[in-house]
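Residues per chain are reported as follows:
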Amino acid sequence: MSITVQLTYDMAREVGSPTIQVSGAETVNDVLRLTRQRFSQDEESYANLTRVAALAVNGVLISYRRGKKTKVQDGDRVSFVKAAAGG
Amino acid sequence: MIKGYAGRILTVNLDTQEHHFEPLDEELARLYIGGKGYGVRLLYDLTEPGIDPLSPENPLIFATGPLNGSVAPQSNRFAVVCKSPLTGGIGNATCGGSFAYALKRAGIDVLIIRGAASAPYRLEIENDEVRLLPADDLWGEGTYATQKKLGKKFKHAVIGPAGENKVLYAGIVSDERIAGRTGVGAVMGSKNLKAVSVTGNHKLEMDDPEAFKAYTKTVRKLFKEHPVLGESMKRFGTGAIVNTTNGRNILPTRNFKYGHFDEAMSISGEHLEEHELVGVKSSCMHCPVTCGRDVEVEGVGRVKGPEYETLALLGSNLEISDLKHINEWNYLADDLGMDTISLGGTISFAMELQEKGAFDVGVKFGDPTGLSELIRNIGHRQGVGDDLADGSRRMSERFGGMEFAMHVKGLELSAYDPRGSYAQGVEYATTNRGGCHVQGASMYLESIGPLTINPRNLKLKADIPIVQQNLGCAINSMVLCIFSTYGMFPAAIHNMSPNSFTHRLLSRLMENMGPLFRGFMGIKGKPMLWWEKWLTHITGQKMSGGHLQEIGARIFNLERIYNLREGLTQEQDTLPSRILNEPIFSDTTTGHPLDQLLPRYYKLRGWDKNGVPTAKTLKGLQIRT
Ligand code: SF4
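Quick caveat: nothing in here was measured; it's all calculated off a predicted structure.

Asks: With reference to specific residues and values, describe the overall build of chain A.
Replies: When you go through chain A residue by residue, the secondary structure sums to 3 helices and 5 strands. Traced from its N-terminal end to its C-terminal end, chain A shows the element sequence β-α-β-α-α-β-β-β. Overall, the C-alpha framework of chain A stretches about 35 × 25 × 20 Å when taken along its three principal axes. Scored against the burial criterion, the 87 residues of chain A give a buried share of 55%.

Here is the structure:
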């Protein structure tokens, strides 16, 4: 089961790609755990990298669903999304 | 005269080549502030119903407000108002740069251009001196060359070939900024007016200059430390939104067929900053945010780079992921003097039309080949460019494809797909100038800002656009940059983890506030936010959020009755069929639920079921018809 994880720009710079694929995840929590394994930073640096990013499954924020317990399926896209402004 | 105003309106008649000054109407300034508000009032009063927007009967109104001419950050904007040739309703756009400052320093609050010249002319204003000069030598020149030839002594507002050729979404360019929307440049072109150049040294009076100065210092500090105004926009420009809208599935892709573009990161503000940025010279005068991005375009040199709307509508929406191409097309559009939102929306429509075999535009999704030439042809109305120069609505009337012509009232949609931003959808449907985001920017509260509201919860979705449209009308009348409103959330909220309990609680509270939200925003208390305090210090009139909501509602309703007078109806308070009927999220089977939201919106506005403001509403807002 493969999930596409869409990273923030800063995260993408660390791994050299805008997205990564993870497999074997059933919930967003699993996706987060598997994503963490791709980053070599210590806990504090990784937390700084991801702290202000919300999470969305196929574009819908998980806070409107079941939070990190939200189920994921093969082919889903989990995105780290930062707030932005402009127009 | 109330402090903060120059106190004069200048009218130039191109038919007779005469001009005159008259005093600004203080009562109207109190009721409509200035800028867009004052301009709409003048347009309503000066014109007969049903005029042809490209005829000499359509006045072109340049209007400043009480903040212009000061050093308040983000206050160097002017509004342009006229009847729109693109929508047939109210036309207006605002523009940054330095022209507003110069116009005000010339002692002019409002400049009205009437009639039409029989040959190309330009207007030069130096304090009380007004000169109409032949402009044959400039006709045909791009906006960059025109401003360069006109020199640095004056500040300019000019049209390019698109305005001259009456491309229906031509804009008016000043420095490297554009009053882009609704075809104000085509109206200037229809008058054979190539440029307005202005300079002056009138002194502007403030009610409390010391308080203004001290408070402006505080605001500059606040901006500097703010995560959006001092960090994200300063570092990445507006293009930082690309990755956000992409993550939220609302980034227009392939003519709004999808909300996600796999290659979005390579057209983002972050990518631009890392690979293309050469400076920020193209930002507006006195603005510490400096959101303008300068890039190098091959064969041209250093020019202003693309904003978010351009990155999306000439990027993901055409399935183009190479920034170098977008930089070039953005430059071409600026030089020709065209709105990139309508341009991108019209090109993507023509591409889809071509896929259906109904039109041969010669360019296709995902392929940059031929696009530079097409953009030039649109600006000069050559070949198929002549059709595209009329916008997607008219093209769909000619060639079919109405269900995927992505406009409201004829104005192409901005780059936030309303299927993931319901309040923004209501805003698009009801905004008087058509499918635009900067008349309210509901998407900021709802989808891209630090606190977000569940798009599927319908509770506040008719309320947000009303508050935001009212605020937008007031902001565009001061005239302040709408991006100032992005500073409303304090740094503490921006720095909070969106996955934390407190953040989720605040978002939930916000989404369930219901009428409290509008009630709170309507309180006529103490001036709190910086524009409220600036207005108070400059004009001497107490201006709280509640006062501005009332003035904004007045302006919005006046625009509405102008549109109704010009023949627009509630049937145009809608969204493109694709948005209403085609799902964009994998877990839904429908599009935007506008039919469930519009009745409440009308009711809250004080309109009848046909979307007409009631006599009581008009009286309550002191709107004379
Ligand atoms: S924020 Fe950007 S658009 Fe607004 S005034 Fe400043 S530089 Fe101009």
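Asks: Residues and numbers for the site of the ligand, please.
Replies: The full set of residues close to the ligand is Gln-74, Arg-177, Ser-283, Cys-284, Cys-287, Val-289, Cys-291, Cys-481 and Phe-483 of chain B. Tallied by class, residues from the shell around the ligand come to 6 nonpolar, 2 polar and 1 charged.

Asks: Describe the sheet that holds strand E1 (residues 8-13) of chain B, with residues and values.
Replies: Residue and element names in this part refer to chain B. Spatial ordering of the open sheet is given by E2-E1-E6-E3-E4-E5, a layout of 6 strands whose pairing is mixed. Whereas interior strands pair on both sides, the edge strands pair on one side only; in this sheet they are strand E2 (18-23) and strand E5 (90-95). Averaged over neighbouring strand pairs, the angle between their axes works out to 15° when direction is ignored. Looking at chain direction, strand E4 (residues 78-83) and E5 are connected through 6 bridges and run antiparallel.

Asks: Give me the state of the cysteines: which residues, what numbers.
Replies: One way to say it: the disulfide is the covalent bond shared by the sulfur atoms of two cysteines. Residues and elements named next belong to chain B. Using the criterion set out here, one finds 0 disulfides over all chains in the structure. Of the cysteine sulfurs around Cys-473, a residue in no disulfide, the closest is that of Cys-436, at 12 Å. Owing to a relative accessible area of 1%, Cys-473 belongs among the buried residues under this scheme.

Asks: Give me the packing of helix H17 (residues 422-430) of chain B against helix H19 (residues 463-478) of chain B: which residues, what numbers.
Replies: Residue and element names in this part refer to chain B. Viewed as axis vectors pointing N to C, H17 and H19 meet at an angle of 55°, and their least axial separation amounts to 8 Å. It follows that H17 is oblique to H19 by the angle criterion. Read as a crossing pair, H17 and H19 show a hand that is right-handed. Note on element contacts: H19 touches H17 through Ile-464, Pro-465, Gln-468 and Gln-469, opposite Ala-423, Val-426, Glu-427 and Thr-430. Across the contact of H17 with H19, the residue classes break down as 4 nonpolar, 3 polar and 1 charged.

Asks: Report on the environment of Val-52 of chain A, specifying residues and quantitative values.
Replies: Along the chain, Val-52 of chain A falls in the loop between helix H3 (43-50) and strand E3 (53-57). Classification of Val-52 of chain A as partly exposed rests on a relative accessible area of 25%. Residues Val-52 of chain A and Val-81 of chain A lie 29 residues apart in sequence; the distance between their C-alpha atoms is 8.3 Å. Discounting chain neighbours no more than four positions away, the residues touching Val-52 of chain A are Val-81 and Lys-82 of chain A together with His-494, Asn-495, Met-496 and Pro-498 of chain B.

Asks: Mind laying out the domain arrangement of chain B, listing which residues take part and the relevant values?
Replies: All names here are of chain B. Each assigned domain of chain B is listed here: domain 1 (8-199), domain 2 (240-400) and domain 3 (418-600). Put simply, the middle of domain 2 and the middle of domain 3, counted by C-alpha atoms, are 26 Å apart. Domain 2 puts 17 residues into the contact, and the matching count from domain 3 is 14 residues. Interface area for domain 2 against domain 3, summed over the two sides, is near 1,200 Å², with a carbon-plus-sulfur share of 53%. The tally of links between domain 2 and domain 3 comes to 2 salt bridges. Note that Glu-582 is salt-bridged to Lys-257, the shortest N-O span being 3.8 Å.

Asks: Give a description of the pairing of strand E2 (residues 19-23) of chain A that names residues and reports values.
Replies: Residue and element names in this part refer to chain A. Of the two faces of E2, the one holding Ile-20 and Val-22 is buried and the one holding Thr-19, Gln-21 and Ser-23 is not buried anywhere. Here strand E1 (residues 2-6) runs beside E2; their pairing, made up of 5 bridges, is antiparallel. Within the sheet, the bridge partner assigned to Val-5 lies in E2 and is Ile-20.

Asks: An account of the nonpolar core is needed here, citing residue identities and associated values.
Replies: Residues and elements named next belong to chain B. Among the nonpolar cores identified, the biggest contains 153 residues, and Met-338, Ile-347, Ile-378 and Leu-388 are the most heavily contacted of them. Discounting residues that sit within four places of it in the chain, Leu-388 has contacts with Tyr-169, Thr-346, Ile-347, Ala-350, Phe-359, Val-361, Leu-374, Ile-378 and Met-395. Residues Leu-60, Val-80, Val-130 and Ala-157 belong to the second largest nonpolar core, which totals 34 residues.

Asks: An account of the interface of chain B and chain A is requested, with residue identities and associated values reported.
Replies: Facing 47 residues of chain B, the contacting portion of chain A comprises 29 residues. Here chain B packs against chain A, burying approximately 2,800 Å² in sum over the two surfaces, 54% of which is carbon and sulfur. Remark: the boundary between chain B and chain A carries 2 salt bridges. A salt bridge links Arg-13 of chain A to Glu-274 of chain B; its shortest N-O distance comes to 3.6 Å. At the junction of chain B with chain A, the criterion picks out 13 residue pairs in polar contact (both at pLDDT 80 or more). Per-class residue counts for the side of chain B that touches chain A are 18 nonpolar, 19 polar and 10 charged.

Asks: Which residues make up the pattern of salt bridges, and what are the values?
Replies: Residue and element names in this part refer to chain B. Applying the stated rule across the entire model yields 47 salt bridges over all chains. Between Glu-352 and Lys-356 there is a salt bridge; the shortest N-O distance is 3.5 Å. Look at Glu-352 and you get buried, because its relative accessible area is 4%. Each of Arg-122, Glu-124, Glu-126, Glu-129, Arg-131 and Lys-153 takes part in one network of salt bridges that share partners.

Asks: Describe the packing of aromatic side chains, with residues and values.
Replies: When we look at a pair of aromatic rings, we describe it by the centre distance and by the angle of the planes. Residues and elements named next belong to chain B. Within the structure shown, the criterion is met by 17 aromatic pairs over all chains. When the ring of Phe-223 is compared with that of Trp-530, the centres are 5.6 Å apart and the planes differ by 80°; the resulting orientation is edge-to-face. Linking Phe-223 in helix H7 (residues 209-225) with Trp-530 in helix H23 (residues 530-539), this pair joins segments that are 307 residues apart in sequence. This pair shows no difference in class: Phe-223 is buried, exactly as Trp-530 is. Through a chain of ring-to-ring contacts, the aromatic side chains of Tyr-444, Phe-483, Tyr-486 and Phe-489 assemble into a single cluster.

Rules and cut-offs
- Residues numbered from 1 in each chain as written.
- Chains lettered and ligands numbered in written order.
- Predicted model: local features only at pLDDT ≥ 70, side-chain atom pairs only at ≥ 80, totals over all residues.
- Heavy atoms only, no water.
- Helix = DSSP H or I, 4+ residues; strand = E, 2+ residues; numbered from the N terminus.
- Buried < 20%, exposed > 50% of the residue type's maximum accessible area, 1.4 Å probe, protein only.
- Near = heavy atom within 4 Å.
- Nonpolar A, V, L, I, M, F, W, Y, C, P; charged D, E, K, R; others polar.
- Pairing = 2+ DSSP bridges.
- Axes fitted to C-alpha atoms, helices over the stretch in contact; angles between N-to-C directions.
- Disulfide = S-S within 2.5 Å.
- Parallel < 35°, antiparallel > 145°, perpendicular 65-115°, else oblique.
- Left-handed = near helix turned anticlockwise from the far one by under 90°.
- Contact = heavy atoms within 4.5 Å.
- Domains from an automatic or database assignment.
- Buried area = accessible area lost by both parts, 1.4 Å probe.
- Salt bridge = Lys/Arg side-chain N within 4 Å of Asp/Glu carboxyl O.
- Core = buried A, V, L, I, M, F, W, Y, C linked by side-chain atoms within 4.5 Å.
- Polar contact = N/O pair within 3.5 Å; in protein donor to acceptor, adjacent residues only side chain to side chain.
- Phe/Tyr/Trp six-rings, centres within 6.5 Å; stacked < 30°, edge-to-face > 60°.

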